[in-house]
Amino acid sequence: MTLFSVEGKTVVVTGGSRGIGRMIAAGFVAAGATVHISARKTAEVEKTAAELGCSGVPADLSTPEGVEHLVAAVDGPLHVLVNNAGATWGAPLEDYPEHAFDKLWNINVKGVFYLTQKFLPQLREAATAEDPARVINVGSVDGIKVPGLPTYAYSSTKSAVHMLTRHLARHLAPEHVTVNAIAPGPFDSKMMAFALDDPATRQSVASSVPLGRIGRPDDMAGTAIFLSSRAGAYLTGAVIPVDGGITC
């Protein structure tokens, strides 16, 4: 089991109060890591942190102030940074607002870049050749294939997250910091609630997945833990679809 151990590692998970972020954070807590979660809403962060048994840091990571606040709240070496915080926006093509692109670019792309930048000293402190520090960016299958919904800014920014992942991976490899991305398919989250909360629509979505089901918390936590353990130490610059075969 030591091949997949993350016990004793310090982990930050943004957007960790619900959905995919909570799944990842819960997996790390159960595996013995010291976990800090962050999200915008104080009450949600505190509630989830208490339920999981981890630290909660309210912060709006679309702003420089929010980024600085989270970085200042985490002491010492940082072994794993999970950039999961994000937002989506859907509207018909003719009505799609310009500010949707601005909002999603700030959260989904700039937030990932600048939080990683600010955490670099702590990531470098944790990094060794045998056990690199890890950055895991949460992209989307919608950044790999064109989605069926009018989420133009979302899919574009998630595609940008995948390229940013590769760019950072190439630059940080000599410093023993790996950077990979997870591209989730359908999972139970606020972004997917419009579809998955309706039983008929949920069944339709599940039947469109080659493996025939919606993603489970262990599917997401397991991938993040693999990337953060000794088993994933030689992997960098990868975008891993966790989608039940949608992108096959």
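Here, every reference points to the structure presented above.
Model, not experiment: these values are computed from the prediction.

Visitor: Teacher, can you tell me more about the side chain of H36 here?
Guide: Turning to its location among the elements, H36 is positioned in strand β2 (residues 34–39). Given the relative accessible area of 12%, H36 is considered buried. With near-sequence residues (within four places) excluded, H36 lies in contact with T10, V11, V12, V13, S55 and V74.

Visitor: Before we go on, may I ask you to explain the sheet that holds β2 in this structure?
Guide: Strand pairing in a sheet takes place through backbone hydrogen bonds and is either antiparallel or parallel in direction. Reading across from one edge, β3-β2-β1-β4-β5-β6-β7 is the order of the seven strands in this open sheet, with parallel pairing throughout. Taken across any chain shown, the strands that pair with only one partner, and hence form the sheet edges, are β3 (55–58) and β7 (239–242). With direction set aside, neighbouring strand axes in the sheet form an average angle of 20°. Inspection of the sheet shows strand β4 (residues 80–83) paired to strand β5 (residues 133–138) by four bridges, in the parallel sense. Across the sheet, L81 pairs through a bridge with V135, a residue of β5.

Visitor: Mind showing me how you'd approach helix α2 (residues 42–52) here?
Guide: Structurally, the α-helix is built with 3.6 residues per turn, so residues lying three or four positions apart point the same way. Regarding α2, the residues found buried are V45, T48, A49 and L52. Take α2 and look down its axis: the buried residues cluster within an arc of 100°, on one side only. The outward face of α2, more than 90 degrees from its buried face, is lined by the exposed residues A43, K47 and A50. Among the structural elements, α1 (19–30), β2 and β3 are those in contact with the buried residues of α2.

Visitor: I tried to follow the pairing of strand β1 (residues 10–14) on my own but got confused; where do I start?
Guide: Both faces of the sheet carry side chains from a regular strand, because those side chains alternate between them. When you tally the buried positions in β1, you get five out of five residues, the bulk of the element. Alternating positions in β1 separate into two faces, T10, V12 and T14 on one and V11 and V13 on the other, with burial throughout. Bridge count between β1 and β2: five bridges; the pairing is parallel. What sits directly across from V12, in β2, is H36. You can see the chain leave β1, run along α1 and come back into β2, and the turn it takes is right-handed.

Visitor: What should I look at first to understand the pattern of salt bridges in this one?
Guide: Charged atoms that come close allow side chains of opposite charge to pair. Tallied over the entire structure, the rule returns nine salt bridges. The salt bridge partner of K9 is D131, with a shortest N-O separation of 3.0 Å. Taken together, the residues span a long stretch of sequence, with K9 in the segment before β1 and D131 in the loop between α4 (98–126) and β5 at a distance of 122 residues. We classify D131 as partly exposed; its relative accessible area is 28%. Here R134 ties to D131 by a salt bridge, and the two come within 2.7 Å at their closest N and O atoms. With relative accessibility at 0%, the residue R134 sits in the buried group.

Visitor: Please explain the nonpolar core as it appears in this structure.
Guide: If you look at soluble globular proteins, the nonpolar side chains tend to sit buried side by side. Within the largest apolar cluster, 27 residues are counted, with the highest numbers of intra-cluster contacts made by I24, F28, V35 and V82. Mapped onto this core, the elements with two or more residues apiece are β1, α1, β2, α2, β4, β5 and α8 (217–228). At five residues, α1 tops the list of elements feeding residues into this core. Contact partners of F28, with chain neighbours within four places excluded, come to V6, V11, A33, V35, V80, V82, A224, I225 and S228. If you look at the next biggest cluster of nonpolar residues, it comprises 26 residues, including V57, L81, V112 and A169.

Visitor: In this structure, what is going on with the environment of C54? I would like to understand it.
Guide: Relative to the elements of secondary structure, C54 occurs in the loop between α2 and β3. When its relative accessible area of 16% is taken as the criterion, C54 is described as buried. As a C-alpha pair, C54 and Y114 span 60 residues in sequence and 24 Å in three-dimensional space. The contacts of C54, once residues within four sequence positions are left out, are V29, V35, I37 and A49.

Visitor: Looking at this model, I keep getting lost on the packing of α4 against helix α5 (residues 152–172). Mind explaining?
Guide: Geometry of a packed helix pair, given as the angle between the helix axes and the separation of the axes. The geometry of α4 relative to α5 is characterised by a closest axis approach of 8 Å and an angle of 20° between their N-to-C directions. With respect to α5, the element α4 is oriented roughly parallel. Our pair here, α4 against α5, has a crossing hand that is right-handed. Counted together, A100, F101, L104, W105, N108, V109, V112, F113, T116 and L120 of α4 and Y152, A153, Y154, S156, T157, K158, A160, V161, L164, L168 and L172 of α5 form the full contact between these two elements.

Analysis parameters
Residues numbered from 1 in each chain as written. Predicted model: local features only at pLDDT ≥ 70, side-chain atom pairs only at ≥ 80, totals over all residues. Heavy atoms only, no water. Helix = DSSP H or I, 4+ residues; strand = E, 2+ residues; numbered from the N terminus. Buried < 20%, exposed > 50% of the residue type's maximum accessible area, 1.4 Å probe, protein only. Contact = heavy atoms within 4.5 Å. Pairing = 2+ DSSP bridges. Axes fitted to C-alpha atoms, helices over the stretch in contact; angles between N-to-C directions. Arc of directions from axis to C-beta. Right-handed = clockwise from strand over helix to strand, strands pointing away. Salt bridge = Lys/Arg side-chain N within 4 Å of Asp/Glu carboxyl O. Core = buried A, V, L, I, M, F, W, Y, C linked by side-chain atoms within 4.5 Å. Parallel < 35°, antiparallel > 145°, perpendicular 65-115°, else oblique. Left-handed = near helix turned anticlockwise from the far one by under 90°.

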